[in-house]
Amino acid sequence: MSAEQLTVEGCAPEVIVIGAGVTGIGVSYYLSKANIPHLVLEKSQELGGIWSSQRWPGMRCDSMIVKYSYSFRPFLSDQCLVSSETIAQYLRDAARELGMSEKIRFGVEVARADFRSDEQMWRVETNAGIFRARFVVNANGYFADEPHVPAFAGREQFRGKIVHLCELDRAERGVYEGKRILLVGSGASAISAVTDLHQASASLSLLQRSPSYIYETSNRPSWLVRLAQRMHRAGWKAPLHWVRSYLQLMDDLVFVGFRTWPRIGKLFFKRHWRKTISEEEYLQHFTPRYNPWEQRIPVSIGLKKLIKEKQIEVVTGEVEAFTQQGVQLKNGRTLSFDLCVLATGYEPQFFKFEVCVDGQKVETRGINFFKGMMMGGIPNFFQPVGTLHTTWTQRTEVVASLMVKIIRHMKRRSLGSVAIERKEVAYRPALKANYILRRLEDQPALYGAWELPSVDRLLFYAFRSRHYTFTPRVGSAQPMQDPATRQLQPSAQLP
Ligand SMILES: Cc1cc2nc3c(=O)[nH]c(=O)nc-3n(C[C@H](O)[C@H](O)[C@H](O)COP(=O)(O)OP(=O)(O)OC[C@H]3O[C@@H](n4cnc5c(N)ncnc54)[C@H](O)[C@@H]3O)c2cc1C
């Protein structure tokens, strides 16, 4: 029997979600709430996405957890920022308690998804067989599995070890414990890792090619957050939702304010570091070439103390070449160490499988990306992404909710497909993140919102049918009505 003849026990899930990270699980919640049968296909054996797959020392989320956690299940904590382990556990608990775990098929990797216009159905090819569904939601993350590693001259002659930060595992301390470490980078990952790596190391130097603006926090929630959390525990839930909205509004206001009046931003950071370092050190190591909030601002916990007490050294300079003992910088300085940890970032990758329409591969380079939700010319396809300068989930939840409205609208009116047209869009990313700028022309071109979640959710995420092209339903392949998706299996095994 061919793949096409087989169905999923006589029916197909309405939606296939690819990836069980924070986005996929959130999407699954909104689909479940709307009784839309779906499956989540996850290539690894655990849910949580990057929060469970990466385990480097110090890994945490720089967004306040009260805001990063789902609105439908806020995470209450006496810390503002929590570790990746805590987030992974939170996601496991949320998925179990709210019934999303049973929708997930682990170890199923999507290789190709092909939308068949004649059936208005997706054919999703995986290592476990072929799945068919009316809609695909791509929640496969936006970073490639392989990190960004710059080419360094002479790295083969270095006698110590060079690893990318994301290859470290906090459980395997032997790799970094007691070592003289050079941590390369000045972005969010480097700044998160610095305290934990320093604690385990014999010594640590932080080498940055150019400085970043860094914001130090005590990690203690404000009285407002503590009060709202207390009220939430006592059963009065609304205040925490208001506080979440208020915090998001503050994030967006600071972003816009610093971008509009960079001198105020620069003054803020100068004052922020005034008591920790001298003016000269500030100019040398903490004065970036760009304006505040043109790039994401790393958040540190305990970095000020380490610098003030000279427990770590910050070095600004570009690597000329690796030597046997360490590196030679372009400014003539040499650094010796045993272990070089590269916190040099990630490569963006929005599609981790081939996307086709009627057998033709879709060229996704520079594709127009409407509201961080739908891509031009790919019918019945959603891809919720967050906003780069702030908490990811603040937009992905809004997108998931709009997506559900579109699907319900289609069901009510017996519509078979929804798309937006493919067109050229001038893309000016709100944030000049290095990983975006490295290959700007390849990136999906976002438009249709201001990239400010607190405002966008009010202005741009209401459902308006005129924004989309709908096609009446054709063919006989009816999606399943029974929400008991636990029964679902792939429709056929790949040959
Ligand atoms: C180090 C780091 C720090 C970050 N800090 C913050 C922060 O402070 N605040 C913030 O808002 N955001 C932060 N982010 C952004 C972060 O990526 C998002 O917040 C969020 O985790 C993205 O979730 P996701 O579910 O979309 O993707 P992921 O977490 O990447 O999950 C994608 C899932 O899809 C699965 N998958 C991939 N391909 C396939 C396939 N072909 N078939 C089946 N399954 C597949 C993967 O196994 C994975 O489980 C950070 C990211 C990193 C890497």
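Parameters at a glance
Residues numbered from 1 in each chain as written. Predicted model: local features only at pLDDT ≥ 70, side-chain atom pairs only at ≥ 80, totals over all residues. Pairing = 2+ DSSP bridges. Helix = DSSP H or I, 4+ residues; strand = E, 2+ residues; numbered from the N terminus. Near = placed C-beta within 6 Å. Nonpolar A, V, L, I, M, F, W, Y, C, P; charged D, E, K, R; others polar. Expected span 1.5 Å × (residues − 1). Buried ≥ 20, exposed ≤ 12 C-beta atoms within 10 Å, placed from the backbone. Contact = placed C-beta atoms within 7 Å. Axes fitted to C-alpha atoms, helices over the stretch in contact; angles between N-to-C directions. Parallel < 35°, antiparallel > 145°, perpendicular 65-115°, else oblique. Left-handed = near helix turned anticlockwise from the far one by under 90°. Domains from an automatic or database assignment.

Chemist: Explain the sheet that holds strand S26 (residues 445-447) here, please?
Modeler: Neighbouring strands of a sheet are bound in pairs by backbone hydrogen bonds; such pairs are parallel or else antiparallel. An order of S23-S22-S26 is seen for the three strands of this open sheet, with the pairing classed as mixed. Each end of this open sheet is capped by a strand with a single partner; those strands are strand S23 (374-375) and S26. As defined by bridge partners, strand S22 (residues 368-370) adjoins S23 across two bridges and the pair is classed as antiparallel. Considered in S23, the bridge of Phe370 is made with Met374.

Chemist: Whenever I open this one, the sheet that holds strand S5 (residues 121-126) confuses me. Can you help?
Modeler: One open sheet holds the five strands; their spatial order is S6-S5-S4-S20-S21, and the pairing between them is mixed. The outermost strands of the open sheet, each flanked by one partner alone, are strand S6 (129-133) and strand S21 (360-361). In this sheet, strand S20 (residues 354-357) lies alongside strand S4 (residues 110-116) in parallel orientation, the contact comprising four bridges. Each bridged residue has a counterpart across the sheet, and for Asp114 the counterpart in S20 is Cys356.

Chemist: Quick question: what am I supposed to make of the site of the ligand here?
Modeler: Lining the immediate environment of the ligand, one finds 31 residues, of which Gly19, Gly21, Gly49, Gly141 and Trp392 sit closest. Among the secondary structure elements, those contributing two or more residues to the shell around the ligand are helix H1 (22-33), strand S2 (38-42) and helix H5 (188-200). A total of three residues in the shell around the ligand trace back to one element, the largest contributor, which is H1. Grouping the amino acids of the shell around the ligand by side-chain chemistry returns 14 nonpolar, 12 polar and five charged.

Chemist: Looking at this structure, how should I read helix H7 (residues 238-260)?
Modeler: Note: α-helices contain 3.6 residues per turn, so residues at a spacing of three or four share the same orientation. Here H7 contains 23 residues, and its C-alpha end-to-end distance of 33 Å stays within 8% of the 33 Å for a straight helix at 1.5 Å per residue. Listing the buried residues of H7 in full gives Leu240, Val243, Arg244, Leu247, Gln248, Asp251, Asp252, Phe255 and Phe258. Looking at the buried side of H7, the elements it contacts are helix H3 (65-68), helix H6 (223-233), helix H8 (262-273), helix H11 (393-412) and helix H13 (453-459).

Chemist: How do you make sense of the packing of H6 against H7 when you look at a structure like this?
Modeler: Two packed helices can be described by the angle between their axes and the distance between those axes. At a minimum axis separation of 7 Å, H6 and H7 run at an interaxial angle of 150°. Classified by the angle between their axes, H6 and H7 sit roughly antiparallel to one another. Where H6 crosses over H7, the handedness of that crossing is left-handed. From H6, Leu224, Val225, Ala228, Gln229, Met231 and His232 reach across to H7, where they touch Pro239, Leu240 and Val243. Among the residues forming the contact of H6 with H7, the class breakdown is seven nonpolar, two polar and no charged.

Chemist: Just to check I follow, could you spell out the domain arrangement of the protein chain for this structure?
Modeler: It is common to give the size of an interface as the accessible area lost on bringing the parts into contact. Along its sequence, the protein chain is organised into domain 1 (3-145 + 349-493) and domain 2 (146-346). Between domain 1 and domain 2, the C-alpha centre-to-centre distance is 30 Å. At the junction of the two partners, domain 1 supplies 35 residues and domain 2 supplies 45 residues. Taken together, the elements giving at least two residues each to the side of domain 1 that touches domain 2 come down to H3, strand S8 (143-147), helix H12 (434-437) and H13. Per-class residue counts for the side of domain 1 that touches domain 2 are 18 nonpolar, 10 polar and seven charged.

Chemist: How do you make sense of the environment of Val175 when you look at a structure like this?
Modeler: Here Val175 lies in the loop between strand S9 (161-164) and strand S10 (180-184). For Val175, a count of 16 C-beta atoms within 10 Å translates into the label partly exposed. Considering only alpha carbons, one finds Val175 and Val163, 12 residues apart in sequence, at a separation of 9.8 Å.

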